[in-house]
Amino acid sequence: MSSLLWVRAWGVAEILTRNDGPASRSRHREPEHPLPWEDTPACAGELRVQIAAAPPEPVHSAITTALAEDRPLAVRVALQPPYTWSVAAGTDQLPHNGPAFVEELTRRPRLLLVGATDLAAILATLAGPLHRRTVVLDPRPGHIAAGAFPDTVTTIRAWPDDWITRHPLHADDAVITLSHDPRIDDRAIRAALAGPAGYIAALGSRATHAQRLRRLADIPGLDRLNGPAGLDLGGTSLAESALSILAELVAVNNGRNGRRLRDGHLPIRATTATAHAQSA
């Protein structure tokens, strides 16, 4: 194994290299140019780094499977020789003997896009960096086989309510209906509102949404349905519509209303506590 790490602090660059043995270190000092009012460079500090071999089996397979299938997993590597790796379903089940680095691999929230449309394809592409597992559901074979979706997206030919019944939603999941067919969208909305999904939205004009609300008037919790989906950005293209919808998803997820930052007073970056307090 060969590992390379570049560490910069106080204008000093250090290169650490390891080739199946102890790490070797070389140092190179770069000229420092602090601003007139700085006593030291703006980025200064000390970083302690451990370079270890990749985890052995069965730990390696457990981590790979958890990442591929979005399963939660707690991972521990000891900070003292022989740098033992261990995994468990939760941190409380890991060994606690000696100092160690522990990381919890969490399940990615799901983004369910109902209707394999052109807008769904753009939404799936833009949603990639949001750390969500995107699933596209559509019972129509011609739509689901269009091949317009990124490789990271799961496309499934199924009625949305049947799929949701087999895969119950969590509070951090999101459901967006996009098919423009009430026979598909209404079934998805009914199934989603029966669970705890944190964001449920439906595409359509205000007139279409008014008709939708009349059709679904008997459903408990209908006030949780966001429609028409998206923030008022005034967009006209598919990409702008997708951005509007994802912006509303992020705002709702963080307990915000999506107004302009200059008109607000809350911290720019919402913490979990802030998000829960604002959404309560």
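These figures come from a predicted structure and were not determined experimentally. (Residues numbered from 1 in each chain as written. Predicted model: local features only at pLDDT ≥ 70, side-chain atom pairs only at ≥ 80, totals over all residues. Heavy atoms only, no water.)

(A) Examining the pattern of salt bridges more closely. Inspection of the entire model under this criterion finds ten salt bridges. Here D173 and R110 are joined by a salt bridge, their closest N and O atoms 2.9 Å apart. Placement of D173 in the loop between helix 4 (160-166) and strand 10 (174-177) and of R110 in strand 7 (residues 110-114) is noted, with a sequence separation of 63 residues between them. Residues D173 and R110 agree in their burial class; the two are buried. One salt bridge connects R183 with D181, and the closest N-O pair in it is separated by 2.8 Å. (Salt bridge = Lys/Arg side-chain N within 4 Å of Asp/Glu carboxyl O. Helix = DSSP H or I, 4+ residues; strand = E, 2+ residues; numbered from the N terminus. Buried < 20%, exposed > 50% of the residue type's maximum accessible area, 1.4 Å probe, protein only.)

(B) Main features of a nonpolar patch on the surface. Together, L126, L233 and L243 make up an exposed nonpolar region whose accessible area comes to about 270 Å². Examined against the element boundaries, L243 turns out to sit in helix 7 (residues 238-253). (Patch = residues over 30% accessible without salt bridge, like charges linked within 9 Å, V, L, I, M, F, W, Y side chains within 5 Å. Areas by Shrake-Rupley, 256 points an atom, 1.4 Å probe, with all protein chains shown as cover.)

(C) Quick peek at the pairing of strand 4 (residues 73-78). Taken across its six residues, strand 4 has six buried, putting it largely inside the fold. The two faces of strand 4 match: L73, V75 and V77 on one face and A74, R76 and A78 on the other face are all buried. Two strands pair when backbone bridges link them, and strand 4 and strand 6 (residues 100-105) are joined in this way by six bridges, in the antiparallel orientation. Along strand 6, the bridge assignment pairs R76 with V102. Summarising the sheet, strand 4 and strand 5 (residues 85-88) pair through four bridges and their orientation is antiparallel. What sits directly across from R76, in strand 5, is S86. (Pairing = 2+ DSSP bridges.)

(D) Broad picture of the environment of S244. Here S244 shows up in helix 7. S244 sits ten residues away from G234 along the chain, and the two C-alpha atoms are 8.7 Å apart. Apart from the residues within four sequence positions on either side, S244 is in contact with G230, L231 and L233. (Contact = heavy atoms within 4.5 Å.)

(E) View of the sheet that holds strand 5. Spatially, 5-4-6 is the arrangement adopted by the three strands of the open sheet, whose pairing is antiparallel. Strand pairing shows two members of the sheet lacking a second neighbour, strand 5 and strand 6, which therefore form its edges. Put simply, the sheet's adjacent strands are angled 15° from each other on average, direction ignored. Across the sheet, helix 1 (residues 59-69) touches strand 4, strand 5 and strand 6, and the angle it forms with strand 5 is around 45°. (Axes fitted to C-alpha atoms, helices over the stretch in contact; angles between N-to-C directions.)

(F) Fine view of the pairing of strand 5. Side chains S86 and A88 of strand 5 all project onto a buried face; the interleaved residues W85 and V87 project onto a face where none is buried. Once strand 4 ends, the chain turns through six residues before running back antiparallel as strand 5, passing Y83 with a positive phi of about 55°.

(G) Spotlight on the confidence of the model for the protein chain. Taken over all residues, the pLDDT of the protein chain has a mean of 85, while the share at 70 or more is 81%. Counted against residues more than four places away or in other chains, residues 1-28, with its pLDDT under 50, gives 65 contacts. Ignoring residues within four places in sequence, the model shows residues 273-280, a span with pLDDT below 50, making seven contacts including any to other chains. (pLDDT = per-residue confidence, 0-100.)

(H) Highlighting the sheet that holds strand 10. Strand order across the open sheet formed by six strands is 9-8-7-10-11-12, with parallel pairing between neighbours. In this open sheet, the two strands that pair with only one neighbour each are strand 9 (154-156) and strand 12 (225-226). For strand 7 and strand 8 (residues 133-137), the ladder comprises five bridges, and the chain directions are parallel. Paired with L112 across the bridge in strand 8 is V135. Across the sheet, helix 7 touches strand 7, strand 10, strand 11 (199-202) and strand 12, and the angle it forms with strand 11 is around 155°.

(I) A look at the nonpolar core. Judged by nonpolar contacts, the single largest core of 24 residues is most densely connected at L111, L113, L123, F149, L178, Y199 and I245. For this core, the element with the highest residue contribution is helix 2 (residues 118-126), accounting for five residues. Counting 22 residues, the second-largest nonpolar core is a separate cluster that includes A158, W163, A192 and A197. (Core = buried A, V, L, I, M, F, W, Y, C linked by side-chain atoms within 4.5 Å.)

(J) Just helix 1, in detail. When we look at burial in helix 1, the residues that qualify are V59, I63 and A66. On an axial view of helix 1, the arc spanned by its buried residues comes to 65°, and they lie on one face. In the core, the buried residues of helix 1 are packed alongside strand 4, strand 5 and strand 6. After helix 1 finishes, the residue D70 shows a positive phi value of roughly 55°. (Arc of directions from axis to C-beta.)

(K) A look at the packing of helix 2 against helix 7. Viewed as axis vectors pointing N to C, helix 2 and helix 7 meet at an angle of 55°, and their least axial separation amounts to 9 Å. By the angle between their axes, helix 2 is oblique relative to helix 7. When the axes of helix 2 and helix 7 are compared, the crossing they make is right-handed. Residues D118, L119, I122, L123 and L126 of helix 2 form the contact with helix 7, whose own contacting residues are L238, A239, S241, A242, L243, I245 and L246. (Parallel < 35°, antiparallel > 145°, perpendicular 65-115°, else oblique. Left-handed = near helix turned anticlockwise from the far one by under 90°.)

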